[in-house]
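# Architecture at a glance
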Amino acid sequence: MPFLGLLGLLLGDASVLEQAMPPKMGSEAPLQELESSSPDSTLKVLPFVIEGSVESFDPVKKAQELAQTISRKWCGTYSSFNDGSRINVTLLFSKVKPIGQIVSLDGQLLIDGSEVDLRGNLNAQSNQIELLIISNQRILDIEPGGTFLGLAGLERLLWNSPRLNNPGGYIDLNSKCSAQSSKAQTIFTVL
């Protein structure tokens, strides 16, 4: 019974619905006229030539080249967003392997006299890198579960902490390490 009452209300207000409809436009062509005109008779397909070079970039080949040429040692500084401190760091890659268009990276980050293990990927096409901390120890504000992200290779990596109350930091790296950092590296490697 309540359903019929609702239906009755809808049908009772039909005149209101008809008033809300826009009036028919006089400039519209009747449907028969549109169907009778043949669109194929007036269109002509013209030949065209695509100018410019075709992209010949092969990301798989680039990943293989990167695996051979990427520096295994990077030196730089870590800058914390917490307190603004700057600390010397060394990034070492012990295993570099191409997998499709990705370069798989395993290595260590030496910072403040301690070492954390890293594992990551470098996308040969976009040059983006992600390094994950796989050690269980915390060094400064770098802690397990966080990631280093680079949008343009290894020159600058942003530290993304796993916790919201840690603002993170960034590492500026250079593949040309000075003699002083090389000596420090030798000491770390022996230990």
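Here goes a summary of the coordinates provided. (Residues numbered from 1 in each chain as written. Predicted model: local features only at pLDDT ≥ 70, side-chain atom pairs only at ≥ 80, totals over all residues. Heavy atoms only, no water.)

### Here we look at the overall build of the chain
Quick note on the threshold: Counting from the N terminus, the helices are the DSSP runs of H or I reaching at least four residues and the strands are the DSSP runs of E reaching at least two. Each residue is assigned to one of three classes by its accessible area relative to the maximum for its type, calculated with a 1.4 Å probe on protein chains only: buried under 20%, partly exposed between the two thresholds, exposed over 50%. Here a residue-residue contact requires only that any non-hydrogen atoms of the pair lie within 4.5 Å. The protein chains shown are the only cover counted for residues, whose accessible areas, like all others here, come from Shrake-Rupley with a 1.4 Å probe.
On a plain count of helices and strands, the chain comes out with five helices and eight strands. In the chain, the succession of helices and strands from N to C terminus is α-α-α-α-β-β-β-β-β-β-β-β-α. The proportion of buried residues among the 191 residues of the chain is 31%. The long-range fraction of contacts in the chain, counting pairs at least 24 apart against all pairs at least 6 apart in sequence, stands at 40%. As displayed, the chain has an accessible area near 13,500 Å², and 58% of this comes from carbon and sulfur atoms.

### Examining the sheet that holds strand β2 (residues 86-99)
So the rule is basically this: At least two bridges found by DSSP between two strands is the condition for calling them paired. To get an axis, a line is fitted to the C-alpha atoms, and for a helix only the part in contact is used. The angle between two axes follows their N-to-C directions and goes from 0 to 180 degrees.
Spatially, the eight strands close up into a barrel ordered β1-β2-β3-β4-β5-β6-β7-β8, and their pairing is antiparallel. Strand-to-strand twist of the sheet, defined as the mean angle between neighbouring strand axes without regard to direction, takes the value 30 degrees. In this sheet, strand β8 (residues 169-174) lies alongside strand β7 (residues 156-160) in antiparallel orientation, the contact comprising four bridges. Following the sheet pairing, Leu-157 is matched in β8 by Ile-171.

### A look at the pattern of salt bridges
What counts, and what does not: A side-chain nitrogen of Lys or Arg and a carboxyl oxygen of Asp or Glu constitute a salt bridge if their distance falls within 4 Å.
Going through the model one piece at a time under the given rule, you end up with three salt bridges. Note that Asp-106 and Arg-119 form a salt bridge whose closest N and O atoms lie 3.0 Å from each other. Of this pair, Asp-106 sits in strand β3 (residues 102-111) while Arg-119 sits in strand β4 (residues 114-123), and the two are 13 residues apart along the sequence. Classification of Asp-106 as buried rests on a relative accessible area of 14%. The partly exposed category is assigned to Arg-119, whose relative accessible area is 45%. In this structure, Glu-143 and Arg-163 form a salt bridge, with 3.0 Å as the shortest nitrogen-oxygen distance. In this pair, Glu-143 sits in the loop between β5 (129-133) and β6 (147-150) while Arg-163 sits in the loop between β7 and β8, placing the two residues 20 residues apart along the sequence.

### A closer look at the environment of Leu-157
Mapped onto the elements, Leu-157 comes out in strand β7. Note on Leu-157: relative accessible area 1%, which makes it buried. Setting aside chain neighbours within four positions, we find Leu-157 in contact with Ile-129, Leu-131, Phe-148, Leu-149, Gly-150, Gly-169, Tyr-170, Ile-171 and Leu-173.

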